[in-house]
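# Results of the structural survey
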Amino acid sequence: MTENTDAPAPVRTDLRPPGLNADEHTTLLTFLDYLRTCVIAKTDGLSDEDARRPGVASGTSLLWLVRHLTAVELNWFLWAYRGDDVELWDDDAPSPGDETVAGSVAAYREAIARANEVIGSAAAWPDRPGVRSLRPNAEAPSMRWLLVHMIEETGRHAGHADILRELLDGSVGR
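Just so we're clear, the structure is a prediction, and the values are computed from it rather than from any experiment.

Before going further, it helps to examine the overall build of the chain. A count of helical and extended segments in the chain gives 5 helices and 0 strands. Across the 174 residues in the chain, those meeting the buried criterion constitute 41%. Excluding contacts between residues fewer than 6 apart, the proportion of contacts in the chain whose partners are at least 24 apart in sequence is 75%. Of the accessible surface of the chain, which amounts to about 9,200 Å², a share of 53% is contributed by carbon and sulfur atoms.

Spanning 27 residues, helix α5 (residues 143-169) covers 38 Å between terminal C-alpha atoms, matching the ideal 39 Å at 1.5 Å per step. Just beyond α5, the residue with positive phi is Gly170, at close to 85 degrees.

Moving on: the nonpolar core. Counting residues in each nonpolar core, the largest one holds 20 residues, and the members touching the most others are Phe77, Ile119, Met143, Leu146, Leu147 and Met150. Of all the secondary-structure elements, those providing two or more residues to this core are α1 (24-41), α3 (62-82), α4 (101-121) and α5. The dominant element in this core, judged by the number of residues it contributes, is α3, at 8 residues. Setting aside anything within four residues of it in sequence, one finds Phe77 in contact with Leu32, Arg36, Arg82, Ala115, Val118, Ile119, Met143, Leu146, Leu147 and Met150. With 18 residues, the next largest nonpolar core counts Leu62, Leu69, Tyr108 and Leu168 among its residues.

A complete count under the given rule lists 10 salt bridges for this structure. Residue Glu73 is joined to Arg36 by a salt bridge in which the shortest nitrogen-to-oxygen separation is 2.7 Å. With Glu73 in helix α3 and Arg36 in helix α1, this pair connects stretches of sequence that are 37 residues apart. We note that Glu73, like Arg36, is buried. The residue Lys42 makes a salt bridge to Asp162 at a minimum N-O spacing of 3.3 Å. Pair noted here: Lys42 is in the loop between α1 and α2 (48-52) and Asp162 is in helix α5, with a separation of 120 residues, a long-range link. Given a relative accessible area of 27%, Asp162 falls into the partly exposed group. Look at the salt bridges and you will find they share partners, linking Glu24, Asp127 and Arg144 into a network.

Conventions we followed
- Residues numbered from 1 in each chain as written.
- Predicted model: local features only at pLDDT ≥ 70, side-chain atom pairs only at ≥ 80, totals over all residues.
- Heavy atoms only, no water.
- Helix = DSSP H or I, 4+ residues; strand = E, 2+ residues; numbered from the N terminus.
- Buried < 20%, exposed > 50% of the residue type's maximum accessible area, 1.4 Å probe, protein only.
- Contact = heavy atoms within 4.5 Å.
- Areas by Shrake-Rupley, 256 points an atom, 1.4 Å probe, with all protein chains shown as cover.
- Expected span 1.5 Å × (residues − 1).
- Core = buried A, V, L, I, M, F, W, Y, C linked by side-chain atoms within 4.5 Å.
- Salt bridge = Lys/Arg side-chain N within 4 Å of Asp/Glu carboxyl O.

Take a look at the structure:
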């Protein structure tokens, strides 16, 4: 990890949660997009080496979190909800040694765009179930459930990203 005790810890611009009064769909998607942006912001200014560096004994790194969230977005929205006939993305795969911040963030942004297409197509039917579930022997979830779950999943990992980034270089803020 990069350690410089002489320099003050960097302070990141704090992204505040969105303030809006809107319909349910817009509110849920706005909060999910906010959390996605917070995760991506945690990689800003990091070298590929630092972003790949595990910050905890489990091996979790910032790039692993981005890769995991990319797979989760694709699995839930494309494979499960829309029912695309593709293999599941491995959401627990270790990060390859040549993974880059630019490549990982680009893949995550692409997954977000693809997920948002699915979300947009289901906006009028928040209770309509998708095609299948990632959970064995479970009913296919509704878009409402899926958006709430992805807010929870992304928020949880955004908190992990906060801690990992602070451990790397002292940088704090959303």
